[in-house]
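Letter by letter, the chains look like this.
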Amino acid sequence: MDAEMGRKVAKEKEMREWCVALPKVELHAHLNGSVRNSTLLELAKQLADKGIIVFEDVKDVIMKNGRSLPECFKLFDLFHILTTEHDTVTRIAKEVVEDFAAENVVYLEIRTTPKNNEAKGMTKRSYMDAVIKGLKAVEAVDVVLFDSNSRTNDTLACTPTIEFDGDTMKKRIYVRLLLSIDRRETTSAALDTVNLALELKDQGVIGIDLSGNPVVGEWETYLPALQHAKELGIPITIHCGEVANRKEIQAVLDFCPQRLGHVCCLNDAEWKKLKSLMIPVEICLTSNVMTGGAPSLELHHFADLYNAKHPLSLCTDDCGLFSTSLSNEYYLVAATFGLTKPELFHLAQEAVHFIFADENVKKSLKEVFKHAEKRFDDVV
Ligand SMILES: [Zn+2]
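Cut-off values and rules
- Residues numbered from 1 in each chain as written.
- Predicted model: local features only at pLDDT ≥ 70, side-chain atom pairs only at ≥ 80, totals over all residues.
- UniProt positions renumbered as here; feature names shortened; annotations may be inferred.
- Helix = DSSP H or I, 4+ residues; strand = E, 2+ residues; numbered from the N terminus.
- Rg over C-alpha atoms; globule rule 2.2 N^0.38 Å.
- Buried ≥ 20, exposed ≤ 12 C-beta atoms within 10 Å, placed from the backbone.
- Pairing = 2+ DSSP bridges.
- Right-handed = clockwise from strand over helix to strand, strands pointing away.
- Expected span 1.5 Å × (residues − 1).
- Arc of directions from axis to C-beta.
- Contact = placed C-beta atoms within 7 Å.
- Core = buried A, V, L, I, M, F, W, Y, C linked by C-beta atoms within 7 Å.

The name an unreviewed UniProt entry gives the protein is Adenosine deaminase domain-containing protein, with Setaria viridis as the organism. For the protein, the Sequence similarities (unreviewed entry) comment in UniProt is given as "Belongs to the metallo-dependent hydrolases superfamily. Adenosine and AMP deaminases family." The Cofactor (unreviewed entry) field of the UniProt record for the protein holds the comment "Zn(2+)".

The following block contains the structure:
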């Protein structure tokens, strides 16, 4: 390695470490897509031992970084089998929170589709109870799951204080849940999910998401449930424009949810409308490039929205599936679009405005970033 190459490698390493240390807000993370590879491998082995799957069929895909789209779908099938067990759901939820906290995510909204599976004795409610059990089982960091004004003992798990960049303080992560309506569901099943969100609002559930295979289903099917959520005052985020479905994109923009995910395939008139509505966008760079929603990182619509000062937040979508992390998404923005450290810090900080949790949480997060500014003294 020559000297110039050495300097380049050192610079990249320093920037990557800086992105990990940066406090971050994650607003678009699917629970099942965020599972660690090591856990997937272990659980796949167990399934193979029971004769449910053939281990060799999935082993290479699990071990691989940078999977192709068909390989991602293969893993989706595996997730589907895994999440029919309550204990597995609990374990996954616990580990996903630990992993996000480990890379200094200070606020996390996890979304998941509550599932009914009669054969396994699983209802949408028991599935969610298993998820919440996992969040409560986290020991590595403090998890704040409830809104501070609705519970007094809001800190669920305490560990001895840890050394954090010279300060003795406990690492803390605010976690909230969004319930996803799957595009394959009927109107009645979608309504069940909204009612469950209301039922679990004291357990950290604060919003509704619409997701799933973008070429499946009709907007009219979910609209009554989304309308119901709106009437109940439950914040909504919608996967929008993953494919160029003009009629649906128009309907979603007209519905005007609190946030939108992806917004890849918009035409000029739709971009104009989105910008005039100022709906915050959850940007998922790696995911969009890997699934073909964006032609490349360089040509991703992040640049246009960022330059237009449109409200946005960097997110991972499925960090396990797409072999990324929120820190990596920040790094990619710096490496691809040339954002400076102060700009990255500002981007992370601004995401606080778009969270679904209440004002008390926003206030606490603003304090976290204010405190962090002192440590990131090269950015102020
Ligand atoms: Zn998504």
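Still to come is the rest of the account.
**Q** Sorry, what's going on with the overall build of the protein here?
**A** When you go through the protein residue by residue, the secondary structure sums to 15 helices and 11 strands. Computed over its C-alpha atoms, the radius of gyration of the protein comes to 20 Å, within 12% of the 21 Å expected for a compact globule of 380 residues. Counting only C-alpha atoms, the protein reaches 60 × 50 × 50 Å along its principal axes. Considering the protein as a whole, with its 380 residues, one finds that 42% of them fall into the buried category.

**Q** What am I meant to see in the pairing of strand S6 (residues 172-182) here?
**A** Note on strand geometry: in a regular strand, side chains alternate between the two faces of the sheet. By the criterion of burial, S6 is predominantly enclosed, with nine of the 11 residues buried. Bridge count between strand S3 (residues 142-144) and S6: three bridges; the pairing is parallel. Each residue of the ladder has a partner; that of Val-144, found in S6, is Tyr-174. Here S6 runs beside strand S7 (residues 205-211); their pairing, made up of six bridges, is parallel. Residue pairing across strands places Ser-180 opposite Asp-209, the latter belonging to S7. Between S6 and its parallel partner S7, the chain crosses via helix H7 (residues 187-199), and the hand of that crossover is right-handed.

**Q** Sorry, what's going on with helix H2 (residues 37-49) here?
**A** The periodicity of an α-helix, 3.6 residues per turn, causes residues three or four places apart in sequence to face the same way. Taking 1.5 Å of rise per residue, the 13 residues of H2 would be expected to cover 18 Å, and the 18 Å separating its terminal C-alpha atoms lies within 8% of that figure. Within H2 the residues assigned to the buried category are Leu-40, Leu-43 and Ala-44. The buried residues of H2 occupy an angular sector of 105° when the element is viewed end-on, so they sit on one face. Structural note: H2 exposes Ser-38, Glu-42 and Asp-49 on the side pointing more than 90 degrees away from its buried face. Buried positions along H2 lie against helix H3 (55-63), helix H4 (69-82) and helix H5 (86-102).

**Q** Is there a simple way to think about the nonpolar core in this case?
**A** What tends to happen in soluble globular proteins is that the nonpolar side chains get buried as a cluster. If you look at the biggest cluster of nonpolar residues, it comprises 102 residues, and the most contacted ones within it are Val-97, Val-131 and Ile-173. Setting aside anything within four residues of it in sequence, one finds Ile-173 in contact with Val-97, Phe-100, Ala-101, Val-105, Val-106, Leu-108, Val-141 and Val-143.

**Q** Where do I start with H5 in this structure?
**A** The first and last C-alpha atoms of H5 sit 25 Å apart over 17 residues, in line with the 24 Å expected at 1.5 Å per residue. Listed as buried for H5 are Thr-88, Val-89, Arg-91, Ile-92, Ala-93, Lys-94, Glu-95, Val-96, Val-97, Phe-100 and Ala-101.

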